[in-house]
Amino acid sequence: MRRHHLLSFVLLLFALSLPFWAAAFFLSSPDGTPMALPVSALQFVCPGLTAVILTCRHSGRAGVRGLLSRVLDLAKIRPLWYAPTVLLVPAIALVTAALTGRSVTLPSLAAVPILLIGFLLAAAAEEVGWMAYAADPLRARRGAVITGLVLGSIWGIWHVIPLVQADRGWGWIAGWFLGTVAGRVIIVWIYDHTAGSVAAAIIYHGMLNIMGSLAPIENFPVAGVVTALVAAAVIMTEISRREAPAAARS
């Protein structure tokens, strides 16, 4: 992987996203769109597309096949790690609902498979870029925590224009941004403990989308704070884990 792979990824990602941002100024999203997302939310295809373009350029078709094959690497996930991968987001949603006094709206049983498939596919399109392509070189140099903070910040900034187009206020966006950066820290933590499983990242990301569609929009900033507290606990755990061998050697 080239030294400046992350810069190339970010520049191409934002360039590919521009048409989606522009389209949202002229087109309205259909009624009933989950989370009242604008047309620009279709930018979810861009991280994966960016990764495919850059991988094809540097490694050819064989590299692209290897990149895409990581979407199905479920065998890397040990049974114990399915618990945080699947259950952490619903737990955060329930705590948020308890703190705000607002409920989580359950969909009809018929809608569950549609939501599940749609949001997992969208998550896969993103995580091919964020984790399968962008994460590993940064993680090798800086570790999981810094990788989560850096990619989470880029991830959040990339969403700002669609959120503005969805008429979110800056206070709301700030709370959401905090939760987004924290969410990426958690995703990288799970990825780090599942032998680099992109499938685990997809599942967690998909759960974020599913719970986001079921919870009232007003809850999101509070959910951001709760997620940040969970991420802080993850960071402290990782720091302690790294310090333990050093203390044993001394």
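Residues numbered from 1 in each chain as written. Predicted model: local features only at pLDDT ≥ 70, side-chain atom pairs only at ≥ 80, totals over all residues. Heavy atoms only, no water.

Student: Requested: an account of the nonpolar core, with residues and values cited.
Tutor: Ranked by size, the top nonpolar core spans 54 residues in total, and within it Leu6, Phe9, Trp130, Met131 and Tyr204 carry the most contacts. Ranked by residue count, the leading element in this core is helix H4 (residues 111-165), at 17 residues. Excluding residues within four positions of it along the chain, Phe9 makes contact with Pro47, Thr50, Ala51, Leu54, Gly129, Trp130, Tyr133 and Ala134. Counting residues in hydrophobic clusters, the runner-up holds six residues, among them Leu163, Trp172, Trp176 and Phe220. (Core = buried A, V, L, I, M, F, W, Y, C linked by side-chain atoms within 4.5 Å. Buried < 20%, exposed > 50% of the residue type's maximum accessible area, 1.4 Å probe, protein only. Helix = DSSP H or I, 4+ residues; strand = E, 2+ residues; numbered from the N terminus. Contact = heavy atoms within 4.5 Å.)

Student: Pulling in residues and values, what's your account of the packing of aromatic side chains?
Tutor: Evaluation of the coordinates by the stated rule reveals six aromatic pairs. Each ring, one from Phe9 and one from Trp130, has its centre 5.5 Å from the other, and the planes form 70°; the classification is edge-to-face. Here the residue Phe9 occupies a position in helix H1 (residues 5-23), and Trp130 occupies one in helix H4, the gap between them amounting to 121 residues. Here a set of aromatic residues connected by ring pairs shows up, and it is made of Phe9, Trp130, Tyr133 and Trp158. Just above the ring of Trp172 sits the side chain of Arg168; from NZ or CZ to the centre is 5.2 Å. Here the basic side chain of Arg184 rests over the ring of Trp155, its NZ or CZ set 4.1 Å away from the ring centre. (Phe/Tyr/Trp six-rings, centres within 6.5 Å; stacked < 30°, edge-to-face > 60°. Lys NZ or Arg CZ within 6 Å of the ring centre and 35° of its normal.)

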